[in-house]
Amino acid sequence: RKGRPGTTLGYGGQPVPFETPHALTRQEIQRIVHQDYVRAARYAQQAGFDGIEIHAAHGYLIDQFLNNGVNQRTDEYGVGSMENRSR
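Residues numbered from 1 in each chain as written. Predicted model: local features only at pLDDT ≥ 70, side-chain atom pairs only at ≥ 80, totals over all residues. Heavy atoms only, no water.

1. Observations regarding the pattern of salt bridges
Heads up, the rule is: Salt bridge criterion: a side-chain nitrogen from Lys or Arg within 4 Å of a carboxyl oxygen from Asp or Glu. What counts as a helix is a DSSP run of H or I of at least four residues, what counts as a strand is a run of E of at least two, and both are numbered from the N terminus. Here's how the labels work: a residue is buried when its accessible area is under 20% of the maximum for its type, exposed when over 50%, partly exposed in between, all with a 1.4 Å probe on protein chains only.
Tallying each qualifying case throughout the model produces five salt bridges. With a shortest N-O distance of 4.0 Å, Arg26 and Asp75 are connected by a salt bridge. Residue Arg26 is located in helix H1 (residues 26-46), and its partner Asp75 is located in the loop between helix H2 (61-66) and helix H3 (82-85); the two are separated by 49 residues in the primary sequence. With relative accessibility at 42%, the residue Arg26 sits in the partly exposed group. On the accessibility criterion, Asp75 (14% relative accessible area) is buried. A salt bridge links Asp36 to Arg39, with the shortest nitrogen-to-oxygen separation between them at 3.6 Å. Linking Asp36 with Arg39, this pair stays in helix H1, spanning three residues, or about one helical turn. Judged by relative accessible area, which is 23%, Asp36 ranks as partly exposed. Residue Arg39 is classed as partly exposed on the basis of its relative accessible area, which comes to 37%. Here the residues in one salt-bridge network are Arg26, Arg73, Asp75 and Glu76, joined through shared partners.

Structure (C-alpha cells):
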C-alpha cells in the first residue's frame, strides 16, 4: 500500500519526489520486524560486530509505535495500552 505521491523542494530548490506516509499494514509490520530487522542484525553479526543498538527514540519507527501521542492505531498495535503499543 502506497501513500499519495507528491513533491517537495530539496537543496537548491530542486523538486524531490516523496510518498505521503501511511499507517503500516499488519503485513508490513511483520515484514519489518521479522525480516528487515533480523536481516540487519545478521549483517552486523557477519561483519564482526558483537551487538547492535536499535534507535527507538526521536520519532523513529519504534518511537512512533510507543508514543501514545503519535500512535493513533485502533488495532492490536495501538488502542492506548503500552502492552499493545510495544507488541
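Back to the write-up after that little detour.
2. A closer look at unusual backbone geometry
Positive phi, normally seen in glycine, also occurs at His58, with a value near 55°. As for its position among the elements, His58 is in the loop between H1 and H2. Given a relative accessible area of 69%, His58 falls into the exposed group.

3. Observations regarding the nonpolar core
As a reminder, the rule being used: The nonpolar core is taken to be a set of buried Ala, Val, Leu, Ile, Met, Phe, Trp, Tyr and Cys residues, with the residues joined through side-chain atoms within 4.5 Å. Between two residues, a contact is recorded if the distance between any of their heavy atoms is within 4.5 Å.
Counting five residues, the largest nonpolar core consists of Leu24, Ile29, Ile32, Phe65 and Tyr77. With residues up to four places along the chain from it excluded, the contact list for Leu24 reads Ile29, Ile32, Leu61, Phe65 and Arg73.

4. Considering the confidence of the model for the protein
Segments scoring low in pLDDT should not have their predicted coordinates read at a detailed level. Quick reminder of the rule: pLDDT measures the predictor's confidence residue by residue and takes values from 0 up to 100.
On average, residues of the protein score 88 in pLDDT, and 94% of them are at 70 or above. At the level of individual helices and strands, the protein shows its lowest average pLDDT in strand S1 (residues 5-9), which scores 78, and its highest in H1, which scores 94.

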